[in-house]
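Here is how the chains run, residue by residue.
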Amino acid sequence: MSKVKTSFFCQNCGTQYSKWQGQCNACKEWNTIAEEIIQKQEKVAWKSEPTSTSKAPRPLKITEIDSAQEIRMDTTDGELNRVLGGGIVPGSLTLLGGEPGIGKSTLLLQISLKLPYKTLYVSGEESQKQIKMRAERITPNSDNCYILMETKTQNIFKQIEAIEPEIVIIDSIQTLHTDYIESTAGSISQIRETTAELIKFAKETNIPVILIGHITKDGNIAGPKILEHMVDTVLQFEGDRNHIYRILRSLKNRFGSTSELGIYEMLGSGLREVSNPSEILISHKDEELSGTAIATTLEGMRPLMIEIQSLVSTAVYGTPQRSTTGYNAKRLNMILAVLEKRAGFRLGAKDVFLNVTGGISVDDPAIDLAVVAAILSSNEDIPVGKGFCFAGEVGLSGEIRPVNRVDQRIQEAEKLGFDTIFVSKYNKIALKNTGIKIELVAKIEDVASILFG
């Protein structure tokens, strides 16, 4: 047995120090540095048996490397496949993070029950009876899903050798511990060591591993930042527990795009895929109301129609309020300043509230024009036409700037039955003979004159 080695780690950000100190130099937090044993004995948890035919890898010319597309495992879930880039890559390590109670375990249990592959679901947080009760609520029984209650990685690997699963799901990485690090489960060194063991296992056996990770109060995945660098894919499961819709985003993906989006609806029987999110993001109402406008936005390759709601009222107190939900507050202040300075609308003494319906957050600048239309509609108390939608960025001089992939936005608006779409006159539009009227505008004044006369 080798000499026991210890080091000091910040429990907030994971920075390593040779000795204890009161404040972390990296994250500036106080009293977060603790001593942990980083090496107890020189052993590895997962070690593949060397074969006589195995050879050390040699360098290849880039022209000699096979460029065939990576084989992927279908998850039978269209939204998850889209976010992952087409499915699970064999031998990959995926980390799924999200707030407590948002539905991470439900999503992965639901997928493991439907997968055509032999799946081992390892839980360190719930009993087998609790998982069985949830499984009966989600879907009929599956013969391909095995449930294991275990937190020690050495025992998990023994069961993997016995069962030989094709996919392994760990719920959650913060509950695992290994014998080769003498510290509590969930500590910085335990998370790093257990993740390293799982990576070694996944790469040598070509079996994909999916981890569930906790998040901090700031919304970041708990544990050292190196955890996100070690894995191949980082997914974020978002949503408000008071709403029924959940959003799955990709924060990092070595095998696909990070701009794709998956939307689910939380039901008593599990999570339902939402194939046409524009239907849930646009509210259905009989009468026309002022202060609402429809924007066309893009999430990855997927066009979405979202509803922007605005309320403009006279400020009761001295300082007017500026409040946003799902939209950048600083950008709202900029747009209000442009409306005041360039277009002559007196909004400086009025409260302005802005909301993106559906509980999602959007940072696409192409929704600026819809924000302007919603604010002016509420200010004038004149509803925007029911068949109107908008796609344009607003500049500081009041001009309407062109947006990317405008043709795809126009096609989505036409498919959903809109009559007119407002876009910048500087956009190059390749579409011909469209069924939707394309209104080309150059300045905010042009939009206001068309909408409100």
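Remember, predicted model here, so these are calculated numbers, not experimental data.

Chemist: It is not clear to me how the packing of aromatic side chains should be interpreted in this structure. Could you clarify?
Modeler: Within a pair of aromatic rings, the relevant descriptors are the distance that separates the centres and the angle that separates the planes. Using the criterion set out here, one finds four aromatic pairs in the structure. A centroid spacing of 5.5 Å and a plane angle of 70° characterise the contact between Phe388 and Phe422, whose relative ring orientation is edge-to-face. Here Phe388 is found in strand β17 (residues 388–391), whereas its partner Phe422 is found in strand β20 (residues 420–424), with 34 residues between them in sequence. Using a relative accessible area of 0% as the deciding quantity, one classes Phe422 as buried. Relative to Phe422, the ring of Phe390 lies with its centre 5.0 Å away and its plane at 20°, an arrangement referred to as stacked. Residue Phe390 is located in strand β17, and its partner Phe422 is located in strand β20; the two are separated by 32 residues in the primary sequence. By the burial criterion, Phe390 is buried, and Phe422 matches it.

Chemist: Whenever I open this one, helix α10 (residues 406–415) confuses me. Can you help?
Modeler: Taken together, the buried positions of α10 are occupied by Val406, Arg409, Ile410, Glu412 and Ala413. All buried residues of α10 fall inside an arc of 160° around its axis, so they share one side. Downstream of α10 by one or two residues, Gly417 has phi in the positive range, about 90°.

Chemist: Would you explain the pairing of strand β14 (residues 302–314) in this entry?
Modeler: The two faces of a sheet get side chains in turn, since along a regular strand they alternate between them. Bridge count between strand β13 (residues 292–299) and β14: eight bridges; the pairing is antiparallel. For Ile294, the partnering residue across the bridge sits in β14 and is Glu307. What sits between β13 and β14 in their antiparallel hairpin is a turn of two residues, with Gly300 showing a positive phi close to 70°. One ladder, built from seven bridges, connects β14 with strand β16 (residues 350–356); its direction is antiparallel. Counted as the bridge partner of Gln309 is Asn355 from β16.

Chemist: I would appreciate a short explanation of the nonpolar core in the present structure.
Modeler: One recurring pattern in soluble globular proteins is that nonpolar side chains are buried together. In terms of nonpolar packing, the biggest core is built from 44 residues, with Ile306, Ile308, Leu339, Ile375 and Phe390 touching the most fellow members. Those elements that place two or more of their residues in this core are β11 (261–267), β13, β14, α8 (329–341), β16, α9 (368–380) and α11 (444–452). Looking at this core, the element that brings in the most residues is α9, giving eight residues. Setting aside its immediate chain neighbours within four residues, Ile306 contacts Leu281, Ala293, Ile294, Ala295, Thr297, Val356, Ile360, Val362 and Ile367. In terms of nonpolar packing, the next biggest core, distinct from the first, is built from 28 residues, Leu115, Tyr117, Ile210 and Tyr264 among them.

Chemist: Which parts of the structure should I look at to understand unusual backbone geometry?
Modeler: If a residue is not glycine, its phi is most likely negative; likewise, a peptide bond is most likely trans. Residue Ser172 is bonded to the preceding Asp171 through a cis peptide linkage, with omega at 5°. Mapped onto the elements, Ser172 comes out in the loop between β7 (167–171) and α5 (188–205). The backbone of Glu164 shows a phi angle near 55°, a positive value even though the residue is not glycine. Take Glu164: it is sitting in the loop between α4 (153–163) and β7. In this structure Glu164 comes out as exposed when scored by relative accessible area, which is 59%. For Asn206, which is not glycine, the phi torsion reads 65° and is therefore positive. Position of Asn206 among the secondary structure elements: in the loop between α5 and β8 (209–213).

Chemist: Looking at this structure, I do not really get α8. What am I missing?
Modeler: In an α-helix, one turn spans 3.6 residues, which is why side chains three or four residues apart end up on the same side. Under the 1.5 Å per step criterion, the end-to-end length of α8 is 18 Å for 13 residues, consistent within 8% with the ideal 18 Å. Residues Leu332, Ile335, Leu336, Val338 and Leu339 constitute the buried set of α8. What you see down the axis of α8 is that its buried residues fit within an arc of 160°, all on one side. Exposed residues lying more than 90 degrees from the buried face of α8 are Lys330 and Lys341. At its buried positions, α8 is contacted by β15 (322–325), β16, α9, β18 (393–394) and α11.

Chemist: I'm lost on the side chain of Thr119 in this one. Help?
Modeler: When you line up the elements, Thr119 lands in strand β5 (residues 119–123). For Thr119, a relative accessible area of 0% corresponds to the buried category. If near-sequence neighbours (up to four positions away) are discounted, Thr119 is found in contact with Ser112, Asn144, Cys145, Tyr146, Pro165, Ile167 and Ile169.

Thresholds, definitions, all that
- Residues numbered from 1 in each chain as written.
- Predicted model: local features only at pLDDT ≥ 70, side-chain atom pairs only at ≥ 80, totals over all residues.
- Heavy atoms only, no water.
- Phe/Tyr/Trp six-rings, centres within 6.5 Å; stacked < 30°, edge-to-face > 60°.
- Helix = DSSP H or I, 4+ residues; strand = E, 2+ residues; numbered from the N terminus.
- Buried < 20%, exposed > 50% of the residue type's maximum accessible area, 1.4 Å probe, protein only.
- Arc of directions from axis to C-beta.
- Pairing = 2+ DSSP bridges.
- Core = buried A, V, L, I, M, F, W, Y, C linked by side-chain atoms within 4.5 Å.
- Contact = heavy atoms within 4.5 Å.
- Expected span 1.5 Å × (residues − 1).

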